[in-house]
Protein chains: 2
Amino acid sequence: MSQDAAFLTDFHHAATIGATDNDGVDRQAATDLDGDVRRWFAGWFQDRGRRVLVDEIGNMFGLFEWREGAPFVLVGSHLDTQPLGGRFDGSYGVIAGMHVAAQIDEAITAGDQEAPRYNLAVVNWFNEEGARFAPSVMGSSVFAGLFELEQMLDVQDLEGVSVRKALADIGFLGSDDGPEAVGYAEIHIEQGRILEREGIDLGVVDRSWYTQKLDIEVLGEQSHTGATAMADRRDALVGASEIVLMVRQVTQDFPEEALVSSVGQLVVEPNSPIVVARRVHLVADLRSGDPEIVQQARQTLLDKIEALAARDNLVINVKDFDVRPIRHFPTAGVELAESVVEGLGLTSRRVQTMAGHDSVALNTMVPSAMLFIPSVDGVSHCEREFSTDEDMVKGLAALKGLVQEMLSGKFVDDGR
Amino acid sequence: MSQDAAFLTDFHHAATIGATDNDGVDRQAATDLDGDVRRWFAGWFQDRGRRVLVDEIGNMFGLFEWREGAPFVLVGSHLDTQPLGGRFDGSYGVIAGMHVAAQIDEAITAGDQEAPRYNLAVVNWFNEEGARFAPSVMGSSVFAGLFELEQMLDVQDLEGVSVRKALADIGFLGSDDGPEAVGYAEIHIEQGRILEREGIDLGVVDRSWYTQKLDIEVLGEQSHTGATAMADRRDALVGASEIVLMVRQVTQDFPEEALVSSVGQLVVEPNSPIVVARRVHLVADLRSGDPEIVQQARQTLLDKIEALAARDNLVINVKDFDVRPIRHFPTAGVELAESVVEGLGLTSRRVQTMAGHDSVALNTMVPSAMLFIPSVDGVSHCEREFSTDEDMVKGLAALKGLVQEMLSGKFVDDGR
């Protein structure tokens, strides 16, 4: 079997773990199915005689140690998914990382190349998606020192189960220290349609968008739908519905696609067909390449929400949450990635990422670089998410080239 | 202890079972706490040497059999509550029924009155509220032959637990036949503010409102909030929010309070902060004293929903559900109740009920009468629900007078 075929076989096998009826995957963080894919990941390294470390937030590191005591370049992404998510988001980057490592290891073992300056660790970051446990990008952010470990272990899902308990339940509440990191590389699907539209092989990410969330609690008064006069109602769901529409509408204050916004999570209490809602909790998400636009949109929403609360006699509490500033990826890494892609006879362009990624967290800690491959129709976080085998294989080659350079110290040593 | 004090003691004791922090009760149908209050109910009859029957849908009947083989007048209501519900809704009627029965039984035992023409059964109907298992008014509707037993036993809550399993789990999936019924009396809090506003002691219900629900499913496309252009989104939650506001707004097409409407239940899938919603399921509730108004409102909503689906490229499925026509209570029962109240030196007026009640189901089967006592501020289905001890005791006297008359055959024999 060719190296590309071996990669594709592993990729398509992993997609069977938690597979849904419509070609998607549902493998939320620290569920039993996440446990299954984690055991598959660990077994893959153990079969090759390689150690796997699991740290206290459940990040997994498969180690290729060619030079004893040398620090590690990290390559990877995440194996957790959204509910009814896609096969590619995260998994592609982890499995590409595994095969990049295996190919380099084979060459070293065969004597075709010398042991590089640095060792290589393939990472499966815990809970990048944040679907079950908020905030997202959790494991890599703890590793990078951006989030506090104990606080994240105490985070609970909607059923009141903590991260600590959920990780322990699946056997992945680890106690290892992670490896000493000197650099990070990640490849991912674009989750947008720029590359597809322009017919370009690879995106090189030069910066991430400014993002923030608003945690919104609407408090009304619980009452009987069939026995309370309309004029006497203080309906939290009516207020929340107005807010969902405001969050959508505020994008129209700015040039097209300069701001993206949404409410994806909304929970009604008590949620009974014949009871006027007492409380609605919702999370609004605002993103832009320009922090000023997010700030303006936020202020517009706060003003409108205040007016709504007064009009409908509701109490509405709004908290800023999960604020992530724009982060530029180092130019040296962007240029290195571009030259690697060009050397392979492939095309690239610089892109920004609206979405959060583990690389955005790692980029605050060590020299980091990120590549995108095209996404068909730009859709993601759904079963219809798709990238072709051909594009995945091109990305694998580019990632391998980039990692080889980083293992030799290029770009990595700039930041040391 | 006076008879009134004995009633109040039992009433306030029952309110401790499932008591919430703010003077409410949370005792949803077939939960452990519902099991607790049911055991208390059964024990009360057993302590008095009386049999309790439990039928196949979990209705409980405490029997006072003074005349062997004679059929039964039923008196009662329900002990289940809404989530974070009040102490009065349902419980007042059951416990008033218990004490009416005990007082009459004492008089018979003491030789102060003869055994009446009919026996008396005090009923705790299963799942009147419908918060956990829809539809509401379940137990009494099965008893009255309006709902099919097996179909109701198969109804599931949001966690996928069936009525059958939930009742079995708390030990109340019975196998008894209910008693042979010849009439039904129920007392309840008004859940409105007419009696309070007019300073009247008791309401005599002459008819129930026309009600119907719409089961609405909004289907969009799941996608990544942080990586999907606004123009490409098909957001089910944006569509659902528009519908919540339409349901509120449609009341303004009619005279004030001629129509009440609401959405009390709404569930988002996948409900993740960074995923555009794939599906939202919601239930709209429409009620009016005039069926024509409900029909007009329903048609307006269907038309607007169709236009919304086309505009936002959503699929929206709407089904009629839980349609309940206006039911008049027999005039003979209304007049009997009025004369009983007058005989006690109390005041009454005729009222309609916007809410569903067990009496509305029983009224399709046997001669039935229903009384209301005042609700402070008219609020209900919440912890703040309140009626005074004084009003409860007045209601107890009125219910006793009504039941005495019915036991002697008055009004009941009209319908035989």
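Residues numbered from 1 in each chain as written. Chains lettered and ligands numbered in written order. Predicted model: local features only at pLDDT ≥ 70, side-chain atom pairs only at ≥ 80, totals over all residues. Heavy atoms only, no water.

### Looking at the domain arrangement of chain A
Quoted interface sizes are often the accessible area lost when the parts come together. Residue and element names in this part refer to chain A. Where we set the bar: Start and end points for every domain follow an automatic or database-based domain assignment. Here, residues are in contact when the closest pair of their heavy atoms is within 4.5 Å. Defined here as a combined quantity, buried area equals the accessible surface (1.4 Å probe) lost by two parts on assembly, summed across both. Here, a salt bridge means any side-chain nitrogen of Lys or Arg that lies within 4 Å of a carboxyl oxygen of Asp or Glu. The definition of a polar contact used here is a pair of N or O atoms within 3.5 Å, where within protein one atom must be able to donate a hydrogen and the other to accept one, and adjacent residues in sequence count solely through side-chain atom pairs.
For chain A, the assigned domains are domain 1 (3-208 + 326-415) and domain 2 (210-324). Relative placement of domain 1 and domain 2: their C-alpha centres are 34 Å apart. At the junction of the two partners, domain 1 supplies 13 residues and domain 2 supplies 11 residues. Contact between domain 1 and domain 2 buries roughly 800 Å² in total, counting both sides, with carbon and sulfur atoms accounting for 54%. The largest contributions to the domain 1 side of the interface with domain 2 come from Leu158, Ile326 and Met354, which together make up 54% of the buried area. Joining domain 1 to domain 2, the criterion identifies 0 salt bridges. The interface formed by domain 1 and domain 2 contains 2 residue pairs in polar contact (both at pLDDT 80 or more).

### Topic: helix H8 (residues 236-249) of chain A
Residue and element names in this part refer to chain A. Heads up, the rule is: A run of H or I in DSSP becomes a helix once it reaches four residues, and a run of E becomes a strand once it reaches two; helices and strands are each numbered from the N terminus. Between the first and last residue of a helix there are one fewer steps than residues, each counted as 1.5 Å, and that sum is the expected span. The cut-offs for exposure are 20% and 50% of the maximum accessible area for each residue type, with area from a 1.4 Å probe on protein chains only; residues under the lower value are buried, those over the upper are exposed, and the others partly exposed.
Along its 14 residues, H8 runs 20 Å from first to last C-alpha, staying within 8% of the 20 Å computed at 1.5 Å per residue. A large share of H8 lies buried, amounting to 11 of its 14 residues. Within H8 the residues assigned to the buried category are Ala236, Leu237, Val238, Gly239, Ala240, Ser241, Ile243, Val244, Leu245, Met246 and Val247. N-cap assignment for H8: the residue whose side-chain oxygen lies 2.9 Å from the backbone N of leucine 237 is aspartate 235.

### Observations concerning the sheet that holds strand S9 (residues 259-269) of chain B
Residue and element names in this part refer to chain B. Applicable threshold: Strand pairing is defined by DSSP finding a minimum of two bridges between the two strands. All axes are obtained by fitting lines to C-alpha atoms, using only the stretch in contact for helices, and the reported angles, taken between N-to-C directions, cover 0 to 180 degrees.
Spatially, 4 strands are ordered S9-S11-S7-S12 in an open sheet, and the strand pairing comes out antiparallel. Where the open sheet ends on each side, the last strands, each with one partner, are S9 and strand S12 (315-324). The sheet shows a mean angle of 15° between the axes of neighbouring strands, direction not considered. Two elements, strand S7 (residues 210-219) and strand S11 (residues 279-288), share 10 bridges in a ladder whose sense is antiparallel. Residue pairing across strands places glutamate 217 opposite histidine 281, the latter belonging to S11. Packed on one face of the sheet, helix H8 (residues 236-249) meets S7, S9, S11 and S12 and runs near 170° to S9. On the sheet, helix H9 (residues 291-312) packs against S7, S9, S11 and S12 and is oriented at approximately 5° with respect to S7.

### Describing the pattern of salt bridges
The full count for this structure, using the stated rule, is 54 salt bridges over all chains. In this structure, Glu242(A) and Arg311(A) form a salt bridge, with 2.9 Å as the shortest nitrogen-oxygen distance. Of this pair, Glu242(A) sits in helix H8 while Arg311(A) sits in helix H9 (residues 291-312), and the two are 69 residues apart along the sequence. On the basis of relative accessible area, Arg311(A) is assigned to the exposed category, the value being 55%. Note that Asp201(B) is salt-bridged to Lys394(B), the shortest N-O span being 3.0 Å. Linking Asp201(B) in the loop between helix H7 (194-198) and strand S6 (202-208) with Lys394(B) in helix H12 (residues 389-407), this pair joins segments that are 193 residues apart in sequence.

### Re the packing of aromatic side chains
Residue and element names in this part refer to chain A. Operational definition: Note on ring pairs: Phe, Tyr and Trp rings are taken, using the six-membered ring of Trp, and paired if centres are within 6.5 Å. Classes follow the plane angle, with under 30 degrees stacked, over 60 edge-to-face and the rest tilted. For a Lys NZ or an Arg CZ to count as sitting over a ring, it must be within 6 Å of the ring centre and within 35 degrees of the ring normal.
Following the criterion strictly, the structure yields 24 aromatic pairs over all chains and no others. Between tryptophan 125 and phenylalanine 143, the ring centres sit 5.2 Å apart and the planes meet at 55°, which makes this aromatic pair tilted. Within this pair, whereas tryptophan 125 is found in the loop between strand S4 (119-124) and helix H4 (138-143), its partner phenylalanine 143 is found in helix H4, the two being separated by 18 residues in sequence. An identical accessibility class is assigned to tryptophan 125 and phenylalanine 143; each is buried. Pairwise contacts between aromatic rings join Phe7, Phe11, Phe88, Tyr92 and Phe386 into one cluster. The ring of phenylalanine 172 carries arginine 38 above its face, with NZ or CZ at 5.1 Å from the centroid.

### Considering the relation of the copies chain B and chain A
Heads up, the rule is: Copy-to-copy superposition: least squares on the C-alpha atoms, limited to residues that have pLDDT of at least 70 in both copies.
When chain B is fitted onto chain A, the two copies agree to an RMSD of 0.1 Å after a turn of 180° and an axial shift of 0.0 Å. In the structure described here, the two chain copies are related by an operation that fits a two-fold rotation axis. Closest approach to the rotation axis among the C-alpha atoms of chain B is made by Ser241(B), whose C-alpha sits 2.2 Å away. When the interface residues of chain B are mapped onto chain A, 98% of them are again interface residues, pointing to one common binding face.

### Quick word on the sheet that holds strand S12 (residues 315-324) of chain A
All names here are of chain A. Pairing is antiparallel across the open sheet formed by 4 strands, whose spatial order is S9-S11-S7-S12. Where the open sheet ends on each side, the last strands, each with one partner, are strand S9 (259-269) and S12. Along the sheet, successive strands turn relative to each other by an average axial angle of 15°, direction set aside. As paired elements, strand S7 (residues 210-219) and S12 share 8 bridges and run antiparallel to each other. Counted as the bridge partner of isoleucine 216 is valine 318 from S12. Contacting S7, S9, strand S11 (279-288) and S12, H9 crosses the sheet at an angle of about 10° to S7.

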